[in-house]
Amino acid sequence: MANDLPFINPTAGRSKAKVALAARPIDLAGKVLGLLDNTKEQADIILETVADALRERHGVARVVMRRKEAWSKPATDELMDEMAREVQVAVAALGG
Amino acid sequence: MGETALAVAVDEFEFFLEQEWSDGLPVVTPTEERVQRMLQGTRRDPQEVIGRIPPAMETATVRDAAIHALMAGCKPEYLPVVLGGIKLMLREELNLNAVQGTMGSAAPLMIVNGPYASKIGLHGGRGCFGPGFRANASIGRAIRLMLLNLGGGITELGSSTVFSSPLRYTACLAENMEQSPWESLAVSRGYSPDDNVITCAMVDPPKFCFDDASREPEPLLTGIADSMSTIGSLNVLVPRCPMVVVMGPLHATICAKAGMSRVDVHRRLSEMAGRKVRELKTGGVWRPERAQKINVDMNDEEHFVPGIKDPRDLQLVVAGGIGPISAVCHGWGGGSLVVHGTYDV
C-alpha cells in the first residue's frame, strides 16, 4: 500500500507473521491443567479456586501450578517450555 | 476504493489520523524527501537496528526513528536525542514492556543533560513541562509515536491504562543549569559536564508543591517529602519505585544558601519521605501481602516505611522558572528502574 501513496506508511515493512493458536480441547476430562500465578496479591487463591471448580465440574485429572518471578515481567522460556510439555490446558493470572 | 484512487483522494492529515498512526493530533506527513532530510541529523546507517519495541516487538531502525521524529515535528538536529532516548528505553531494567501494558499511566520522562541539549534548545527553564518549546515537545512526541506505532502501546490494544496521562503525549526536558545552584543530575552521577546524557524514569505527571513561606530547608523539604509519600501512592508499599523531584531554582537556592549540596538534599528527602505503619493502615493501598513483600510488620505501629528505599530511585533535578514551586513526579510502582546513559551526537 505504501508504494501507492505519496507518503510513507510509518508501520510499513513490518513482519506480519501470524502464530497459530494451539488446538483447543473439546473438554477437560482427564486433562492436565496448568495454572500460572503472576505473583499479584491473591492470584494463587483465585487460581486454586478455579482449579477446584474445574476438577469438580469438568474432571480435570491433575493440576500443575507454577509462579512467575515477577508479575510485570514475562515468564522465562524455561517456565513456558515446562508448561507446554506438561499441561494440555493453561490458565494464566492477569492483572491484580 | 482502489489504492491509487485513495492516494489521489486522500487528505494526508486526515489519513494519518484515520489509520491511527498518530497520537490524535496531526502529524507532519512523512515523505521520502523529508525523511532523507531528517536523516541528515545522524551519521548512522538508516538500516541500523535500534531494537524491538514491546509489546508488539516490531523492529525499529534508525530510519524508523527518523520517520517518527519527522512526524512529531523534530528538526534533524533533534534526531540524536530521539535515537539515544529510544535505545535507552529498551534496557531491560526500565521494563518498557510492562509499562506499555499497565493499568497505570506512567510515561518515560527524559531528562537530558549536557552541551548538545543546550545547543538544540532543549528547555529546562520556565514552563519546561508545558507547551511552547519545540525540542521538548517534538522529541518526547517522537518517542511516544514509536511506542504507539511500533510498540503497539495503544489504549485497548497493547495498553490497559485506566487514565493514561498528558505526559504520554510528550515527556522531555533539560535542567535549568543557568539558575541551578548545583551540578547537573548527570554530573552528580559521575558523568563529565561535557557528556551528553539522558536519564529516563517512568513517571506520572508532576504534582506541584507550593511553598512561599519557608526560608529554611527543613520546612520546605517537609512539604515536598509529604507529596512524595501520600497515602494512596504505591511507592511506600513496593520494594523499588522511581521518583523524580524537580526543584524550582528558588527552592533549590534556599537549600544551597543554607549550605546543602545536591547530595544533602537528596539524602534529606529520602529520609523524610515515608509514612508510619499506623498512617498506612488508615487506607490507601495498604494490604498485608504488600507489607510482607517489603518485610514490614504491620503490627509495629510506629515503624517508619520509607518512600525511597534505594537512593538510586530518586532523581533530584532543578528546572522550571523562578517562583515558589517545586514538582514531584511519582513513578510506576510495578518494577521499573531508572536508566541513564550517554548518547552519540
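Residues numbered from 1 in each chain as written. Chains lettered and ligands numbered in written order. Predicted model: local features only at pLDDT ≥ 70, side-chain atom pairs only at ≥ 80, totals over all residues. Heavy atoms only, no water.

S.K.: How would you sum up the packing of aromatic side chains? Please name residues and give values.
M.R.: Aromatic ring pairs are defined here through the distance separating the ring centres and the angle between the ring planes. For the structure shown, the criterion picks out seven aromatic pairs over all chains. Here the aromatic rings of Phe7(A) and Phe16(B) are separated by 5.1 Å at their centres, their planes lie at 55°, and the arrangement is tilted. Of the two residues, Phe7(A) is situated in the segment before strand 1 (32-37) and Phe16(B) in helix 2 (residues 12-18); the pairing between them involves two chains. When the centroid spacing of 6.4 Å and the interplanar angle of 75° are considered together, the rings of Phe15(B) and Phe16(B) count as edge-to-face. For Phe15(B), a relative accessible area of 4% puts it in the buried group. Its relative accessible area of 1% is what places Phe16(B) among the buried residues. Members of the aromatic cluster, each reached through a chain of ring pairs, are Phe7(A), Phe15(B), Phe16(B) and Trp21(B). Sitting over the face of the ring of Trp71(A), Lys40(A) holds its NZ or CZ atom 4.0 Å from the ring centroid. (Phe/Tyr/Trp six-rings, centres within 6.5 Å; stacked < 30°, edge-to-face > 60°. Helix = DSSP H or I, 4+ residues; strand = E, 2+ residues; numbered from the N terminus. Buried < 20%, exposed > 50% of the residue type's maximum accessible area, 1.4 Å probe, protein only. Lys NZ or Arg CZ within 6 Å of the ring centre and 35° of its normal.)

S.K.: For the confidence of the model for chain A, give the residues involved together with the corresponding values.
M.R.: Overall, the predicted model of chain A reaches an average pLDDT of 87, with 88% of residues at or above 70. Across chain A, the secondary-structure element scoring lowest on mean pLDDT is strand 3 (residues 89-92) of chain A, at 91, and the one scoring highest is strand 1 of chain A, at 95. (pLDDT = per-residue confidence, 0-100.)

S.K.: A description of the environment of Glu178(B) should follow, citing residues and the corresponding values.
M.R.: Residue placement: Glu178(B) occurs in the loop between strand 4 (172-174) and helix 9 (185-188). When the C-alpha atoms of Glu178(B) and Gly124(B) are compared, they prove to be 9.2 Å apart, with 54 residues separating the residues in sequence.

S.K.: Could you give me a rundown of the interface of chain A and chain B, with the residues and numbers involved?
M.R.: Contacts between the two partners involve 19 residues from chain A and, on the opposite side, 33 residues from chain B. A combined buried area of about 2,200 Å² lies between chain A and chain B, and 59% of that area is made up of carbon and sulfur atoms. It is Phe7(A), Ile8(A) and Glu41(A) that lose the most area in chain A upon contact with chain B, and together they represent 31% of the buried surface on that side. Two residues, Glu41(A) and Lys293(B), come together in a salt bridge whose shortest N-O distance is 3.6 Å. (Contact = heavy atoms within 4.5 Å. Buried area = accessible area lost by both parts, 1.4 Å probe. Salt bridge = Lys/Arg side-chain N within 4 Å of Asp/Glu carboxyl O.)

S.K.: Provide a residue-level description of the nonpolar core, including the pertinent values.
M.R.: Residue and element names in this part refer to chain B. Among the nonpolar cores identified, the biggest contains 59 residues, and Val81, Val82, Met110, Val112, Leu122 and Ile139 are the most heavily contacted of them. Sequence-distant contacts of Val82, that is, excluding residues within four places in its chain, are made with Ala65, Ala69, Cys74, Ile139, Ala142, Ile143 and Met146. Ranked by size, the runner-up nonpolar core spans 23 residues in total, among them Met247, Ile308, Val318 and Val328. (Core = buried A, V, L, I, M, F, W, Y, C linked by side-chain atoms within 4.5 Å.)

S.K.: Give me the lowdown on the sheet that holds strand 2 (residues 62-67) of chain A, citing residues and values where you can.
M.R.: Residues and elements named next belong to chain A. As summarised here, the arrangement of the three strands in space is 2-1-3, forming an open sheet in which the pairing is parallel. The two strands at the open ends of the sheet, each matched to only one other strand, are strand 2 and strand 3. In this sheet, neighbouring strand axes are inclined to one another by 20° on average, regardless of whether the strands run parallel or antiparallel. Across six bridges, the pairing between strand 1 and strand 2 is parallel. Bridge pairing in strand 2 places Leu33 opposite Val63. Where helix 2 (residues 77-86) meets the sheet, it contacts strand 1 and strand 2, and its direction lies at approximately 175° from that of strand 2. (Pairing = 2+ DSSP bridges. Axes fitted to C-alpha atoms, helices over the stretch in contact; angles between N-to-C directions.)

S.K.: Explain helix 2 of chain A to me, and be specific about the residues and the numbers.
M.R.: Residues and elements named next belong to chain A. Those residues of helix 2 that sit buried are Leu79, Glu82 and Met83. Angularly, the buried residues of helix 2 cover 95° about the axis, an arc narrow enough to put them on a single face. Exposed and facing more than 90 degrees away from the buried side of helix 2 are Asp77, Ala84 and Arg85. Here the buried face of helix 2 lies against strand 1 and strand 2. (Arc of directions from axis to C-beta.)

S.K.: Describe in detail the side chain of Arg141(B), supporting the description with residues and values.
M.R.: Residues and elements named next belong to chain B. Mapped onto the fold, Arg141 is located in helix 8 (residues 134-149). Judged by relative accessible area, which is 11%, Arg141 ranks as buried. Within polar-contact distance, the side chain of Arg141 engages the side chain of Asp23 at 2.7 Å. Excluding its chain neighbours within four sequence positions, the residues that come into contact with Arg141 are Ser22, Asp23, Leu25, Pro26, Val27, Met71, Ala72, Tyr169 and Thr170. (Polar contact = N/O pair within 3.5 Å; in protein donor to acceptor, adjacent residues only side chain to side chain.)

S.K.: So, the sheet that holds strand 6 (residues 207-210) of chain B: which residues are in play, and what are the values?
M.R.: All names here are of chain B. With mixed pairing, the four strands of this open sheet are ordered in space as 6-11-7-10. Here the strands that pair on one side only, and so sit at the sheet edges, are strand 6 and strand 10 (314-318). Strand-to-strand twist in this sheet, taken as the mean axis angle between neighbours without regard to direction, amounts to 20°. When strand 7 (residues 243-247) meets strand 10, the two strands line up parallel, connected through five bridges. Each bridged residue has a counterpart across the sheet, and for Met247 the counterpart in strand 10 is Val318. The strands touched by helix 12 (residues 262-272) within the sheet are strand 7 and strand 10, with strand 10 carrying the most contacts at an inclination of about 135°.

S.K.: Explain the pattern of salt bridges residue by residue, including any values.
M.R.: Residue and element names in this part refer to chain B. Here the structure, examined in full by the defined rule, presents 23 salt bridges over all chains. Note that Asp264 is salt-bridged to Arg267, the shortest N-O span being 3.5 Å. A residue pair is termed a helical-turn pair when its members lie 3 or 4 positions apart in one helix, as Asp264 and Arg267 do in helix 12 at three residues. For Asp264, a relative accessible area of 25% gives the class partly exposed. Residue Arg267 is classed as partly exposed on the basis of its relative accessible area, which comes to 45%. Between Glu289 and Arg287 there is a salt bridge; the shortest N-O distance is 3.6 Å. Look at Arg287 and you get partly exposed, because its relative accessible area is 24%. Where salt bridges share partners, they join Arg240, Asp310, Arg312 and Asp313 into one cluster.

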